[in-house]
Amino acid sequence: MMGPSIICALLLIQVALGDACASGQYTESEQCCSLCPAGFGVEVECGKEDTKCTPCLKGTFSSSEDLSHCLTCTRCPFRVPELASCSATQDVQCDCGNNHYLSHKHNQCAPCSLCRRGEGVVRQCGPQGDTQCHSCVPGTFSEERGKTKPCQVCTQCSDNEVEIRSCQLNSDTLCMDKKLHILSRPAESDGAREAARWPGGVEVEDEGEASPAPGTPKYTPQDESGSNHILAYVSVLAAVVLGLLIYVAYKCWTSCKQKKALSKARAAELTTSPEGEKLQSDSGVFLDSQSLQDNQLSKGTKRDSKQDIRLYVNLAPHRQEEVERLLQEGGGRGWRQLGAVLGYDPEQLDLFGHGEAPAHTLLSNWAQKEGSTLGLLCTALARIERPDVVTALTCPTQGVSVV
């Protein structure tokens, strides 16, 4: 019987010759375990003897060579069309639309994931599944998040350029021209040089280079090259600092603009409300917009206790867009709080939040369920204190407690 050292030596020779075991597993007699092909699953696992495979039964599949058993086929969610039915070699394919895929974990359409910086797309998101990303290897890079672009090959600086920054996984090579006009010194004429004039009116001439005055440092070409590199680094640093200052100024400007727009909207809402005008004219007591909304909600629940049985999916498209926009901008009382009231767990809400329009994804998913009426939606909106969204729905308020 072969010793352990001999077995290890044989395995190393196999790896060096490119004949390594694809499964990575061996039988007790040191034979490579076979992989089951697509459409087959493991019947008897590899051990004393080689792997035994069996064809996948109806309703199960195996899409690649593996040592696992056949998997159960998935069903498309409610109202999601089927592109291709499940077969022995592939799972069912569902038409979730653009930028969405079928999440087998939750059995529902979910937004496509984005690859991070430093990662490239190996497989694009679609009926086959979510976006598959892989870290860029040395010599390639990816500077932005996305779901379509693979890793790009790093740029090589030419002979007339100097490399300022080497290529990283998340940024390309930074090159700069060696002969920048702002850094070059004027070339001396090929004719006779003028005699150097030092303080005191003494002219110094020599057959070679003029001798500098005593105590004056001698200039060499190496000094010019080092000075050019320092100026290049300083110019790049100044450009980066200037860009950061412009970005900070822009963010401050947009923030002030949003605050002014919000204050104007609250003032307009207060002045146009009948209850607010009456309180201000009769008693001179100031009532803010939040208290006025609570007052209107409590009165509305007493006036009407009937449920609106119209389905949300039948609502006009422009009203759906208005509701989604308001929930998207809701901040602390937006689509995430509405989803929690409608019965979604935090993991599902985090999954919706990865998409570009989480409010649209939430309401589209909820509209596919039975009993997705406007009355239930209004009740949920009343619980999170969003009367503005209830108004956009143009549905009656519900007789529930706003707690």
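Residues numbered from 1 in each chain as written. Predicted model: local features only at pLDDT ≥ 70, side-chain atom pairs only at ≥ 80, totals over all residues. Heavy atoms only, no water.

Asks: Help me out: how do you make sense of the packing of helix H5 (residues 317–328) against helix H8 (residues 358–367) in this one?
Replies: What describes two packed helices is the angle between their axes and the distance between those same axes. One can describe the packing of H5 onto H8 by two numbers: an axis separation of 8 Å at closest approach and a directional angle of 125 degrees. Looking at the two axes, H5 sits oblique to H8. As for how H5 packs across H8, the hand of that crossing is right-handed. For the pair H5 and H8, the contacting residues are Val323, Glu324, Leu327 and Gln328 in the first and Pro358, Ala359, His360 and Leu363 in the second. (Axes fitted to C-alpha atoms, helices over the stretch in contact; angles between N-to-C directions. Helix = DSSP H or I, 4+ residues; strand = E, 2+ residues; numbered from the N terminus. Parallel < 35°, antiparallel > 145°, perpendicular 65-115°, else oblique. Left-handed = near helix turned anticlockwise from the far one by under 90°. Contact = heavy atoms within 4.5 Å.)

Asks: Quick question: what am I supposed to make of the state of the cysteines here?
Replies: Disulfides are covalent bonds that connect the sulfur atoms of two cysteines. Overall, the coordinates contain 12 disulfides when judged by the stated rule. With a sulfur-sulfur separation of 2.0 Å, Cys76 is cross-linked through a disulfide to Cys94. When the S-S torsion is -95 degrees, as for the bridge of Cys76 with Cys94, the disulfide is left-handed. With a gap of 18 residues between them, Cys76 in the loop between strand S4 (71–72) and strand S5 (82–84) and Cys94 in strand S6 (residues 93–94) connect regions that are remote in the sequence. With a sulfur-sulfur separation of 2.0 Å, Cys112 is cross-linked through a disulfide to Cys125. The sign of the -70 degrees torsion about the S-S bond sets the Cys112-Cys125 disulfide as left-handed. In this pair, Cys112 is assigned in the loop between strand S8 (108–111) and strand S9 (119–123) and Cys125 in the loop between S9 and strand S10 (132–135), connecting sequence segments 13 residues apart. Summarising the burial analysis for this pair, Cys112 and Cys125 share the class buried. Here Cys252 is not disulfide-linked; the sulfur of Cys256 is the nearest cysteine sulfur, at 6.6 Å. Taking relative accessible area as the criterion, Cys252 reaches 43% and is therefore assigned partly exposed. (Disulfide = S-S within 2.5 Å. Buried < 20%, exposed > 50% of the residue type's maximum accessible area, 1.4 Å probe, protein only.)

Asks: Just checking my understanding: could you explain the packing of aromatic side chains for this structure?
Replies: Given two aromatic rings, one states the distance between the centres and the angle between the planes to describe the pair. Under the counting rule described, the total for this entry stands at three aromatic pairs. Consider the rings of Tyr344 and Phe352, whose centres lie 5.7 Å apart with planes at 65 degrees: the pair is edge-to-face. Of the two residues, Tyr344 and Phe352, both sit in the buried class. The ring of Tyr344 has Lys369 lying over it, and the distance from NZ or CZ to the ring centre is 4.1 Å. (Phe/Tyr/Trp six-rings, centres within 6.5 Å; stacked < 30°, edge-to-face > 60°. Lys NZ or Arg CZ within 6 Å of the ring centre and 35° of its normal.)

Asks: Sorry, what's going on with the nonpolar core here?
Replies: The nonpolar side chains of a soluble globular protein tend to be buried with one another. Of all hydrophobic cores here, the largest spans 26 residues; its most connected members are Tyr312, Leu327, Leu338, Leu377, Leu381 and Leu393. Only H5, helix H6 (335–341), helix H7 (346–353), H8, helix H9 (374–383) and helix H10 (387–393) provide two or more residues apiece to this core. Not counting residues up to four positions away in its chain, the partners in contact with Leu381 are Leu327, Leu338, Arg386, Val389, Val390 and Leu393. (Core = buried A, V, L, I, M, F, W, Y, C linked by side-chain atoms within 4.5 Å.)

Asks: Hey, could you run me through empty space enclosed by the protein in this one?
Replies: The probe, sized like a water molecule, is rolled over the atoms to show the empty space still left. Under the criterion given, the structure shown has one cavity of 30 Å³ or more. Of the volumes computed, that of the largest cavity is approximately 30 Å³. In this structure, the largest cavity is lined by Val92, Gln93, Cys94, Tyr101, Leu102, His104, Gly126, Pro127, Gln128 and Gly129. Listing elements by their share of the lining of the largest cavity, those giving two or more residues are S6 and strand S7 (100–103). Of the residues in the lining of the largest cavity, the class split is five nonpolar, five polar and no charged. (1 Å grid on protein atoms, 1.4 Å probe; cavity = no way out; pocket = protein on both sides within 12 Å on 5 of 7 lines; lining within 4 Å. Points joined across faces, edges and corners; volume = space filled by probe spheres on them. Nonpolar A, V, L, I, M, F, W, Y, C, P; charged D, E, K, R; others polar.)

Asks: Before we go on, may I ask you to explain the side chain of Gln93 in this structure?
Replies: Along the chain, Gln93 turns up in strand S6. Here Gln93 falls in the buried class, since its relative accessible area comes to 13%. Apart from residues no more than four positions distant in its own chain, Gln93 is found in contact with Cys76, Glu82, Leu83, Ala84, Pro127 and Gln128.

Asks: Please explain the pairing of S8 as it appears in this structure.
Replies: Two faces belong to every sheet, and in a regular strand the side chains alternate between them. Going residue by residue along S8, you find Gln108 and Ala110 tucked away on one face and Cys109 and Pro111 tucked away on the opposite face as well. The sheet contact formed by S7 and S8 spans four bridges and is antiparallel. Note on S8: the bridge partner recorded for Leu102 is Cys109. (Pairing = 2+ DSSP bridges.)

Asks: Teacher, can you tell me more about the packing of H7 against H8 here?
Replies: At a minimum axis separation of 8 Å, H7 and H8 run at an interaxial angle of 130 degrees. By the angle between their axes, H7 is oblique relative to H8. Between H7 and H8, the residues in contact are Leu349, Phe352 and Gly353 and Pro358, Thr361, Leu362 and Asn365, respectively. Split by residue class, the contact of H7 with H8 holds four nonpolar, three polar and no charged.

Asks: Would you take a moment to explain the environment of Leu315 for this structure?
Replies: Its location among the elements puts Leu315 in the loop between helix H4 (289–303) and H5. A relative accessible area of 11% places Leu315 in the buried class. Spatially, the C-alpha atoms of Leu315 and Leu374 are 8.7 Å apart, while their sequence positions differ by 59 residues. Non-local contacts of Leu315, meaning those with residues more than four positions away in its chain, are made with Gln320, Leu374 and Leu393.

These values are about where atoms sit, not about what they do.
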